[in-house]
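Residue-level structural notes
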Amino acid sequence: MKRYRDIAGDGGSNIVRQVQAQQEALRKRLASITYLVGVMSGKGGVGKSSIAVNLAATLAVQGWQVGILDADINGPSVARLLGVRDEPLRETADGIEPVRAAAGLKVMSIDLFLPREESPVLWTAPTQRDAYTWRGMMEALALREMLADTCWGPLDVLIVDLPPGTDKLPNLVDILPRFNGCLTISQPSQLSQFVVAKAIAMAREWFKTPVLGLVINMAGHVCSHCGHEEALFPVEDLEALSRRWQLPILARLPFDPKFSLAADQGRPYVLDCPQAPLSLAFGRLASRVKDCLLARAADGHSGPSP
Ligand SMILES: Nc1ncnc2c1ncn2[C@@H]1O[C@H](COP(=O)(O)OP(=O)(O)OP(=O)(O)O)[C@@H](O)[C@H]1O
Ligand SMILES: [Mg+2]
């Protein structure tokens, strides 16, 4: 068997051309999408997927055409959150049609390809030592294929729900021909902000990726009986991250037990409880995200594609 040291040039695989062809295919596919926005955190379980889904639904209600891509290859949840886990995928001559969900959202997730809800995504590697690198590479490849094979059609925005881990944004940014920025989700706890800071540093300093702003999730709880608002975390220093990175806080989303309930029922909360404080906060978040994107495009930063 040849080892990589024994291979002269590209070993006859024409790999450079293949990669160029893939990048070109992806660029053409994404040309019908005005903005590409990631939802990231670095920290797990802070509400990224639920926020991605409800922000997408809010933007759709406000009149935008919205797609949502689940970039969490190993722990996908978007299809479940939108109640489309069992919808069949349709393949056309042009590629795979995204599944349609509430508010006209177009959804794509690896979950839609898995036979059963509990099926894990397995990657094989020659040795355990190789497994980490191999998995990272396979995740990025799977993401690229999914993006390139999906007929998204015209979209104002494609929201990408990222998995936890500070190394995940680079995987996405590496494969995208352009990227308009990401929202960073944190809880008010110091522990959450500590990990989120690493993700922001990675995005900004190492990958020169625009961070549009912070979303503080579970920032307090509004009592459903008396409307009194109280903190959920002992020290809610919401401004610490914002000050340190000079990032605007785009929204403070309160905790609401009905949010989890709606998620379990596969319905965007904002559609079921449009007047609840949490939905109103999503409305403000959506408007601020649109303002950020339009302002950046006006400044000539990776605006709508030609
Ligand atoms: N504001 C909120 N109020 C009530 N529950 C919330 C709120 N935000 C998130 N949750 C709940 O927290 C849990 C975790 O949310 P979610 O799965 O969206 O997080 P995540 O950051 O995507 O997790 P992972 O890192 O595993 O991808 C879910 O049960 C969700 O319903
Ligand atoms: Mg998630």
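Please read these numbers as outputs of a predicted model, since none were measured by experiment. For every chain, the first residue of the written sequence is number 1, and numbering continues from 1 onward in sequence order. To label them, take the chains in the order written and letter them from A, then take the ligands in the order written and number them from 1. In keeping with the predicted nature of the model, local features appear solely for residues at pLDDT of at least 70, side-chain atom pairs appear and are counted solely at 80 or more, and the whole-chain, interface and lining totals rest on all residues. Neither water nor hydrogens contribute to the side-chain values; these are computed over all heavy atoms in the structure.

1. Some remarks on the overall build of the protein
Per the convention used, a helix needs a DSSP run of H or I reaching at least four residues, while a strand needs a run of E reaching at least two, with both numbered from the N terminus. Each helix and strand in the protein was counted, giving 10 helices and 11 strands. Among the 306 residues that make up the protein, the fraction classed as buried is 49%. A fraction of 78% describes how many contacts in the protein between residues 6 or more apart in sequence connect residues 24 or more apart. Accessible surface for the protein amounts to roughly 15,400 Å². Of this, 54% is attributable to carbon and sulfur atoms. Categorising residues by exposure relies on relative accessible area from a 1.4 Å probe, with only protein chains included: less than 20% of the type maximum marks a residue as buried, more than 50% marks it as exposed, and the intermediate range marks it as partly exposed. Residues are treated as being in contact if the distance between any of their heavy atoms lies within 4.5 Å. For every accessible area listed, the method is Shrake-Rupley and the probe measures 1.4 Å; residues are considered covered only by the protein chains on display.

2. Points about helix α5 (residues 168–175)
Counting buried residues in α5 gives seven out of eight residues, a clear majority hidden from the surface. Listing the buried residues of α5 in full gives K168, L169, P170, N171, L172, V173 and I175.

3. A short note on the site of ligand 1
Being near a molecule or strand, for a residue, means having at least one of its heavy atoms within 4 Å of it. Ligand 1 sits among 16 residues. The nearest are G45, K48, S49, S50 and N217. Residue D256 places a main-chain N or O atom 3.0 Å away from a nitrogen atom belonging to ligand 1. Considering ligand 1 on its own, with 640 Å² of exposed area, one finds that the protein chains cover 77% of that surface. Where the shell around ligand 1 is concerned, the elements lending two or more residues are α2 (48–61), β9 (211–222), β11 (249–255) and α8 (257–264). Take the shell around ligand 1: its biggest share by element is three residues, from α2. For the purposes of these results, a polar contact is taken to be a pair of N or O atoms within 3.5 Å, where, inside protein, one atom must be able to donate a hydrogen and its partner to accept one; residues adjacent in sequence count only when each atom of the pair is a side-chain atom.

4. Details of the pattern of salt bridges
For this document, the term salt bridge refers to a Lys or Arg side-chain nitrogen within 4 Å of an Asp or Glu carboxyl oxygen. The full count for this structure, using the stated rule, is six salt bridges. The residue R29 makes a salt bridge to D94 at a minimum N-O spacing of 3.3 Å. With R29 in helix α1 (residues 15–30) and D94 in the loop between β3 (90–92) and β4 (95–97), this residue pair connects regions lying 65 residues apart in the sequence. Between D272 and R267 there is a salt bridge, with its nearest N and O atoms 2.8 Å apart. Linked by salt bridges that have partners in common, R85, D86 and D111 make up one network.

5. Here we look at the side chain of S189
With respect to the helices and strands, S189 occurs in the loop between β8 (181–186) and α6 (190–206). Within the structure, S189 has its side chain in polar contact with the backbone nitrogen of S192 (distance 3.0 Å).

6. Concerning unusual backbone geometry
We note that M218 has phi near 60 degrees; this positive angle belongs to a residue other than glycine. By the secondary structure assignment, M218 is in strand β9. Even without being glycine, Q246 reaches a positive phi, approximately 50 degrees. On the basis of relative accessibility, which here comes to 70%, the residue Q246 falls in the exposed class.

7. Some details on the pairing of β9
For β9, a buried count of nine out of 12 residues is recorded, marking the element as mostly surrounded by other parts of the structure. As paired strands, β8 and β9 are joined by five bridges and run parallel to one another. Opposite C182, over in β9, you have V211 as the bridge partner. Of the strand pairs in this sheet, β9 and β11 are connected by five bridges, and their pairing is parallel. Each residue of the ladder has a partner; that of V215, found in β11, is A251. Alignment of β9 against strand β10 (residues 229–230), held across two bridges, turns out to be antiparallel. Bridge pairing in β10 places H221 opposite E230. Any two strands between which DSSP finds at least two bridges are classified as paired. What sits between β9 and β10 in their antiparallel hairpin is a turn of six residues, with G227 showing a positive phi close to 80 degrees.

8. Some thoughts on the packing of aromatic side chains
Each Phe, Tyr or Trp ring, with Trp reduced to its six-membered ring, pairs with another whose centre is within 6.5 Å; inter-plane angles below 30 degrees give stacked pairs, above 60 give edge-to-face pairs, and intermediate values give tilted ones. Overall, the coordinates contain three aromatic pairs when judged by the stated rule. Between Y35 and W64, the ring centres sit 6.0 Å apart and the planes meet at 15 degrees, which makes this aromatic pair stacked. Separated by 29 residues along the polypeptide, Y35 in strand β1 (residues 33–40) and W64 in the loop between α2 and β2 (66–70) bring together distant segments of the chain. A single burial state applies to Y35 and to W64, both of which are buried. Pairing F259 with F282 gives two aromatic rings, centres 6.0 Å apart and planes at 25 degrees, and the pair type is stacked. Here F259, found in helix α8, pairs with F282, found in helix α10 (residues 277–298); they are 23 residues apart in sequence, far enough to count as distant.

9. As for α2
Given a rise of 1.5 Å per residue, 14 residues ought to cover 20 Å, and the 20 Å separating the end C-alpha atoms of α2 matches this to within 8%. Taken across its 14 residues, α2 has 13 buried, putting it largely inside the fold. Residue G63 follows α2 closely and has a positive phi angle near 110 degrees. Multiplying 1.5 Å by the residue count of a helix minus one yields the expected span of that helix.

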